[in-house]
Amino acid sequence: MSTVSAPELLLPAGSLAKMRAAYDFGADAVYAGQPRYSLRARNNEFRLEQIAEGIAEAHQRGKKFFVTSNLIAHNDKVRTYLRDIQPVVELKPDALIMADAGLIMQMREAMERGRFPEVPIHLSVQANTTNWAAVKFWQKVGVSRVILSRELSLEEIEGIRNECPDMEIEVFVHGALCIAYSGRCLLSGYFNRRDSNQGTCTNACRWNYGTQAAGECGNSGEAVPLAQLDAGFDFATEAAEAEGSFASCGGGARHPAADQVYLIEEKGRPGELMPIMEDEHGTYIMNSKDLRAVEHVARLARIGVDSLKIEGRTKSLYYVARTAQVYRRAIDDAVAGREFNPELLLELEGLANRGYTSGFLERRPSQDYQNYLTGNSELQRSHFVGEVRGVREDGWVEIETKNRFQVGDEIELIHPAGNRRLRLEAMQNEAGEAISVAAGNPLRVWIPLGLPAAGGLIARRL
């Protein structure tokens, strides 16, 4: 049996607390970025002081800390970039994750002139790398790792590995998927004037839309609703008819339905009708399922992928801990030659999700990628309810509550040393009085767990 090397497990860090949870539960590295130059301008606490603290703590623990600097820059940010990134580089992060070719050129020139210390550059998924020739190009200009596009199959990833054996490659294995090519989405900018590629995405693809048939008004070409068709209009039927007309893409005549104009109305914006077009490829607006590729970890390790990446810098502490723990187990099982454990799939169902898909790693029908039913994440198996903050000598532990739970619930302790499930038999408030319900955040309660030390998260089983 050939030896399988363990790929790096790379987790998102939206805060220092999430960084620590990622390391505690098995991550080898985390990524975080400055709000101005990464694609997480909101819900991001990593200013220079936090980046410095994160890098220092990571290196003390023998872990890695990557700084994400992956926006597609406009002129004003090109002008300020080297000035603002210099103090970050001097902190000696383990790599910069970048997407903009001009900024990469500036960074490489600054390092070659000795202005900056050498720091590896990892090419962001935003750069849309889908073939081995592109990987070789970026290798020639000084990039040390390429994060491959999420539009690739396992076979294509293996082909790139074979053609580029001396280049580090990284692959996304879990998290939200964008409806646009490798995240280059225009919806948020179109609807809200908030550019996804500048870090201010409003997730317009997740909104709850209704559809109406429309037609062009006179000579203006403006799309207006066809009120007489509103009753009985069915988007799915119209789409199926349009697709059927292009089943044979030989030299057939163009079906009128393929050029149909529709108006969409978002639930929270009644009366604001926005036109979209249906063409021969379908309507690629709305809501993707979430990526889950834990069942493919062994294959990716055998291919020789250097790093497996989890998306979600704005996700919860619970998400970070749970995904780190599950994918750590999957990597360890793969390296040890053990069969895939289906229980890992069930563990991930405990996270809020929009339904899971393996994305483009396996070639499947388009309906397997899209969630046409709900825009919001839904809880399937468990609900995060609290963090362990302290331990008494009698084994009772202090819980900082995040959501409601009560005596009689089946709860799960998620801990770096191992998880445990039990039926909650008692609870006390901060005064030591018996209570039956913890109503939610922000409360401190005590429950009997028998832990020797603080740490860990509590989930209520659904």
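Residues numbered from 1 in each chain as written. Predicted model: local features only at pLDDT ≥ 70, side-chain atom pairs only at ≥ 80, totals over all residues. Heavy atoms only, no water.

1. Looking at the environment of Ala 110
No. 1: Among the structural elements, Ala 110 can be located in helix 4 (residues 101-112).
No. 2: A sequence separation of 28 residues divides Ala 110 from Leu 82, and the C-alpha atoms of the two residues are 8.5 Å apart.
No. 3: Beyond its immediate chain neighbours, meaning those up to four positions away, Ala 110 contacts Arg 115 and Phe 116. (Helix = DSSP H or I, 4+ residues; strand = E, 2+ residues; numbered from the N terminus. Contact = heavy atoms within 4.5 Å.)

2. Here we look at the packing of helix 1 (residues 16-24) against helix 11 (residues 317-336)
No. 1: Orientation of helix 1 relative to helix 11, taken along the N-to-C sense of each, is 20°, at an axis distance of 8 Å. The pairing of helix 1 with helix 11 is recorded here as roughly parallel in orientation. Seen from above, helix 1 lies across helix 11 with right-handed handedness. Contacts between helix 1 and helix 11 pair Ala 17, Lys 18, Ala 21 and Ala 22 from the former with Leu 317, Val 320 and Ala 324 from the latter. (Axes fitted to C-alpha atoms, helices over the stretch in contact; angles between N-to-C directions. Parallel < 35°, antiparallel > 145°, perpendicular 65-115°, else oblique. Left-handed = near helix turned anticlockwise from the far one by under 90°.)

3. Structural notes on the nonpolar core
No. 1: Counting residues in each nonpolar core, the largest one holds 79 residues, and the members touching the most others are Phe 65, Met 107 and Ile 157.
No. 2: Tallying contributions element by element places helix 11 first for this core, with 10 residues.
No. 3: If near-sequence neighbours (up to four positions away) are discounted, Ile 157 is found in contact with Leu 148, Leu 152, Ile 169, Val 171, Leu 300, Ile 303, Val 305 and Leu 361. (Core = buried A, V, L, I, M, F, W, Y, C linked by side-chain atoms within 4.5 Å. Buried < 20%, exposed > 50% of the residue type's maximum accessible area, 1.4 Å probe, protein only.)

4. Considering the sheet that holds strand 22 (residues 457-461)
No. 1: With respect to topology, 6 strands assemble into an open sheet ordered 19-18-22-15-16-21, the strand pairing being antiparallel. If you trace the sheet from one side to the other, it starts and ends with strand 19 (420-423) and strand 21 (444-448), each paired once. Each strand axis lies, on average, 35° off the axis of its neighbour in the sheet, ignoring direction.
No. 2: Taken together, the 4 bridges between strand 18 (residues 410-414) and strand 19 define a ladder with antiparallel strand orientation. (Pairing = 2+ DSSP bridges.)

5. With respect to unusual backbone geometry
No. 1: The phi torsion at Lys 92 lies on the positive side, around 65°, for a residue other than glycine.
No. 2: Tracing the backbone shows Lys 92 in the loop between helix 3 (75-89) and strand 4 (95-98).

6. So, the packing of aromatic side chains
No. 1: For the structure on display, the rule yields 4 aromatic pairs.
No. 2: With 5.1 Å between their ring centres and 75° between their planes, Phe 137 and Trp 138 make a pair best called edge-to-face.
No. 3: Between Lys 309 and the ring centre of Tyr 31, over which it is positioned, the NZ or CZ distance is 4.4 Å. (Phe/Tyr/Trp six-rings, centres within 6.5 Å; stacked < 30°, edge-to-face > 60°. Lys NZ or Arg CZ within 6 Å of the ring centre and 35° of its normal.)

7. Structural notes on the confidence of the model for the protein
No. 1: Averaged over all residues, the pLDDT of the protein is 83; the fraction at 70 or higher stands at 76%.
No. 2: When the criterion is pLDDT under 50, residues 242-259 qualifies, and its contacts beyond four places in sequence or with other chains add up to 16 contacts.
No. 3: Below pLDDT 50 for its whole length, residues 278-284 participates in 17 contacts with residues either more than four positions away or in separate chains. (pLDDT = per-residue confidence, 0-100.)

8. Here we look at the pairing of strand 4
No. 1: By the alternation rule, side chains of strand 4 split into Ala 95 and Ile 97 and Leu 96 and Met 98, which are all buried.
No. 2: Two elements, strand 3 (residues 64-69) and strand 4, share 4 bridges in a ladder whose sense is parallel. By the bridge assignment, Val 67 is partnered in strand 4 with Leu 96.
No. 3: Each parallel crossover has a hand, and for strand 3 linked through helix 3 to strand 4 it is right-handed.
No. 4: Pairing geometry for strand 4 and strand 5 (residues 121-123), over 3 bridges, is parallel. The residue of strand 5 that forms the bridge with Ile 97 is His 122. (Right-handed = clockwise from strand over helix to strand, strands pointing away.)

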